[in-house]
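Below, each chain spelled out in residue letters.
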Amino acid sequence: AVTVTSGSSIRTQGFKSYGIFAQSVGGGGGSGGNAISGSIAIGSAGVSAGATIGGGGSGGGSGGSVTVSSNGSSIETVGANAAAIYAQSVGGGGGAGGSAMSLQLAGGDGAVNATVTLGGTGGRGGSGSTVSVSNSSLLRTEGTNAPGLFAQSVGGSGGSGGNAITGQLQVGGSASVGVGATVGGKAGSGAFAGNVTINNTGAFITTLNDQSAGLFAQ
């Protein structure tokens, strides 16, 4: 959780020089490991392969709550990408599922039987938490993409499912290769965002350039 309480006047100059910047971000989930198997049958040899399964991605961490309270007389920024107040909570993305690859080679009277090749499941995204901003300060920005007050909560995206690849090569004789199933991994689900609340009682919010909302909440 992040909490900022300011009773001071603030003025900044320069690119990305926010007046107040408060955020909580969950870490991304780790990717699942890849799985690779190979089988060779020559002459009258026989090989039976059970399953090749990619590792599942882990879930992303959740963002914590973010609370900002500003009651100083004013917050002013001059540079681009410099909001007067910027508050966000972001959940981490889920890790990608690992790929699975199974390759078989049969020659002569050899036989290879492969049953299942499965890509790993992607991890679930982490949730964004509540964001609450209370402001009574006069807000003024002059740069592009510099909102007066920006508040957002974002749920993390789900990790992609792992690939599944199976390959067979049959060389002469009465060799045979049997394949059961090749299935790509399921993608992880995206997560929820939290509630966003803005309570603004400041006398003025002034923004002077492009893409600079007075209040932006999502």
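Above this text is the structure in question.
The sections below set out a description of the structure shown in this document.

Calculation criteria
- Residues numbered from 1 in each chain as written.
- Predicted model: local features only at pLDDT ≥ 70, side-chain atom pairs only at ≥ 80, totals over all residues.
- Heavy atoms only, no water.
- Helix = DSSP H or I, 4+ residues; strand = E, 2+ residues; numbered from the N terminus.
- Contact = heavy atoms within 4.5 Å.
- Areas by Shrake-Rupley, 256 points an atom, 1.4 Å probe, with all protein chains shown as cover.
- Pairing = 2+ DSSP bridges.
- Axes fitted to C-alpha atoms, helices over the stretch in contact; angles between N-to-C directions.
- Phe/Tyr/Trp six-rings, centres within 6.5 Å; stacked < 30°, edge-to-face > 60°.
- Buried < 20%, exposed > 50% of the residue type's maximum accessible area, 1.4 Å probe, protein only.

1. Considering the overall build of the protein chain
Part 1 of the argument: Along its length, the protein chain carries 0 helices and 18 strands.
Part 2 of the argument: Put simply, of all contacts in the protein chain between residues at least 6 apart along the chain, 86% involve residues at least 24 apart.
Part 3 of the argument: Carbon together with sulfur atoms contributes 50% to the accessible area of the protein chain, which is approximately 9,800 Å² in total.

2. Section: the sheet that holds strand 18 (residues 215-217)
Part 1 of the argument: Strand order in the open sheet formed by 4 strands is 3-8-13-18, and the pairing between neighbours is parallel. Edge positions in the sheet fall to strand 3 (20-25) and strand 18, since each of these pairs with one other strand and no more. Recorded for the sheet is a direction-independent mean angle of 0° between the axes of neighbouring strands.
Part 2 of the argument: Here strand 3 pairs with strand 8 (residues 85-90) via 6 bridges, running parallel. By the bridge assignment, S24 is partnered in strand 8 with S89.

3. Side note on the packing of aromatic side chains
Part 1 of the argument: Counted by the stated rule, this structure contains 5 aromatic pairs.
Part 2 of the argument: Measuring from ring centre to ring centre gives 5.2 Å for Y18 and Y86, while their planes differ by 55°; the resulting arrangement is tilted. Pair noted here: Y18 is in the loop between strand 2 (10-12) and strand 3 and Y86 is in strand 8, with a separation of 68 residues, a long-range link.
Part 3 of the argument: Under the relative-accessibility criterion, Y86 is labelled buried at 14%.
Part 4 of the argument: The rings of Y18, F21, Y86, F150 and F216 are connected pair by pair, giving a single aromatic cluster.

4. A word on unusual backbone geometry
Part 1 of the argument: A positive phi angle, near 55°, is found at K16, a position not held by glycine.
Part 2 of the argument: Note that K16 resides in the loop between strand 2 and strand 3.
Part 3 of the argument: In this structure, N145 takes a positive phi of about 50° despite not being glycine.
Part 4 of the argument: Given a relative accessible area of 34%, N145 falls into the partly exposed group.

5. Considering the environment of V116
Part 1 of the argument: Position of V116 relative to the elements: it lies in strand 10 (residues 111-118).
Part 2 of the argument: Taking relative accessible area as the criterion, V116 reaches 28% and is therefore assigned partly exposed.
Part 3 of the argument: Along the primary structure V116 and T182 are separated by 66 residues, whereas in three dimensions their C-alpha atoms are 6.0 Å apart.
Part 4 of the argument: When sequence neighbours within four positions are dropped, the list of residues in contact with V116 reads G50, A51, T52 and A181.

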